[in-house]
Amino acid sequence: MRKNFGAKPMLYPQMVMIIASYGEDGAADAMNAAWGGVAGGDRIFLCLSPGHKTVKNILKRKAFTVSVADESHLTEADYVGLVSGNDVPDKLERAGFHTVKSEFVDAPVIEELPVALECRLISYDENDHSMIGEIVNVAADESVLDEEGMVDPARLNPIIFDPFKRTYWNLGQKVGKAFEDGNKLK
């Protein structure tokens, strides 16, 4: 038997993403978000309400980065979601995060988080809070790359958000091979 929860935004896994932007004064800001994901070959979808300072910055600068939160920075990632840049303008510094300017868009890259998507704003709908960005570049620190030069999930150790219990989880281990294991049923 199944339990019905109604219409709720509960899909697993929900990546913990840190969205970063520059303000009018050039100061870096970031927020924690879990509602979003890849929306095509070079698109990302985010659901972000307009009151966030980060969103206001993105709308002015037309650029942002999306970093994958990892287990070693769980506390810092949670902190930037707990406090608002509207109230705590130096929240990145308080979190211990450092930024460098993206080479591709007018947005900061958080140095401590090893994978970042560098994006240009395509659209934002204030009514349903939907933001679409064009992924211009994906940058990964060499520390999370495998022998083939690809991101290794075990080295990255990303965290996911459980919307039912409001907890964070790590991914665990590899359990199969995509586009291969299903061939057993052909």
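Thresholds applied
Residues numbered from 1 in each chain as written. Predicted model: local features only at pLDDT ≥ 70, side-chain atom pairs only at ≥ 80, totals over all residues. Heavy atoms only, no water. Pairing = 2+ DSSP bridges. Helix = DSSP H or I, 4+ residues; strand = E, 2+ residues; numbered from the N terminus. Axes fitted to C-alpha atoms, helices over the stretch in contact; angles between N-to-C directions. Contact = heavy atoms within 4.5 Å. Patch = residues over 30% accessible without salt bridge, like charges linked within 9 Å, V, L, I, M, F, W, Y side chains within 5 Å. Areas by Shrake-Rupley, 256 points an atom, 1.4 Å probe, with all protein chains shown as cover. Salt bridge = Lys/Arg side-chain N within 4 Å of Asp/Glu carboxyl O. Buried < 20%, exposed > 50% of the residue type's maximum accessible area, 1.4 Å probe, protein only. Phe/Tyr/Trp six-rings, centres within 6.5 Å; stacked < 30°, edge-to-face > 60°. UniProt positions renumbered as here; feature names shortened; annotations may be inferred.

Chemist: Would you mind showing me how to read the sheet that holds strand S5 (residues 43-47) here?
Modeler: Sheet strands associate in pairs through backbone hydrogen bonding, adopting either a parallel or an antiparallel arrangement. The strand order across the open sheet formed by seven strands is S3-S2-S6-S9-S10-S5-S4, and the pairing between neighbours is antiparallel. Single-partner strands in this sheet number two, and they are strand S3 (28-33) and strand S4 (36-38). For this sheet the average axis-to-axis angle between neighbouring strands, irrespective of direction, equals 30°. Pairing between strand S6 (residues 63-68) and strand S9 (residues 115-125): five bridges, direction antiparallel. Across the sheet, the residue bridging to Ser67 is Ala116, located in S9. Across the sheet, helix H1 (residues 53-61) touches strand S2 (17-22), S3, S6, S9 and strand S10 (130-140), and the angle it forms with S2 is around 50°. Across the face of the sheet, helix H2 (residues 74-82) comes into contact with S2 and S3 while running at roughly 100° to S3.

Chemist: In this structure, what is going on with a nonpolar patch on the surface? I would like to understand it.
Modeler: Residues Phe5, Tyr12 and Phe164 make up a contiguous nonpolar surface patch of roughly 290 Å² in combined accessible area. Residue position: Tyr12 is located in the segment before strand S1 (14-15).

Chemist: How do you make sense of the environment of Leu117 when you look at a structure like this?
Modeler: Residue placement: Leu117 occurs in strand S9. Relative accessible area serves as the criterion here: at 14%, Leu117 is assigned to the buried category. When the C-alpha positions of Leu117 and Gly26 are compared, they lie 20 Å apart, and in sequence the two are 91 residues distant. In this structure, Leu117 is in contact with Ile44, Phe64, Thr65, Val66, Ile135, Asn137 and Val138, ignoring residues within four places of it in sequence.

Chemist: In this structure, what is going on with the sheet that holds S1? I would like to understand it.
Modeler: Taken in spatial order, the three strands of this open sheet run S1-S11-S12, and their pairing is antiparallel. In the strand order of this sheet, the two ends are held by S1 and strand S12 (167-170), each with one partner. Two elements, strand S11 (residues 159-162) and S12, share four bridges in a ladder whose sense is antiparallel. Among the inter-strand pairings, Ile160 is bridged to a residue of S12, identified as Trp169.

Chemist: Just checking my understanding: could you explain the packing of aromatic side chains for this structure?
Modeler: Any aromatic ring pair is given by two values, namely how distant the centres are and how the planes are angled relative to each other. A full pass over the atoms with the stated rule returns three aromatic pairs. Judged by centre distance (5.7 Å) and plane angle (65°), the rings of Trp35 and Phe161 are edge-to-face. In this pair, Trp35 is assigned in the loop between S3 and S4 and Phe161 in strand S11, connecting sequence segments 126 residues apart. By relative accessible area, which is 35% here, Trp35 ends up partly exposed. Using a relative accessible area of 15% as the deciding quantity, one classes Phe161 as buried. Linked through ring pairs, Trp35, Phe161 and Tyr168 together constitute an aromatic cluster.

Chemist: What's the story with the UniProt feature "domain: Flavin reductase like" (unreviewed entry) in the protein in this structure? I'm lost.
Modeler: When the UniProt feature table is mapped to this numbering, "domain: Flavin reductase like" (unreviewed entry) covers residues 12-147. Along residues 12-147 the backbone is 17% helical and 41% strand, and the end-to-end C-alpha distance reaches 29 Å.

Chemist: Where do I start with the pairing of S3 in this structure?
Modeler: The two faces of the sheet receive side chains in turn, since in a regular strand these alternate between them. Within S3, six of the six residues are buried, leaving the element largely enclosed by the surrounding structure. What you see with S3 is no split at all: Ala28, Ala30 and Asn32 on one side and Asp29, Met31 and Ala33 on the other are buried throughout. Counted between consecutive antiparallel strands, the loop separating S2 from S3 contains five residues, among which Gly26 sits at a positive phi close to 90°.

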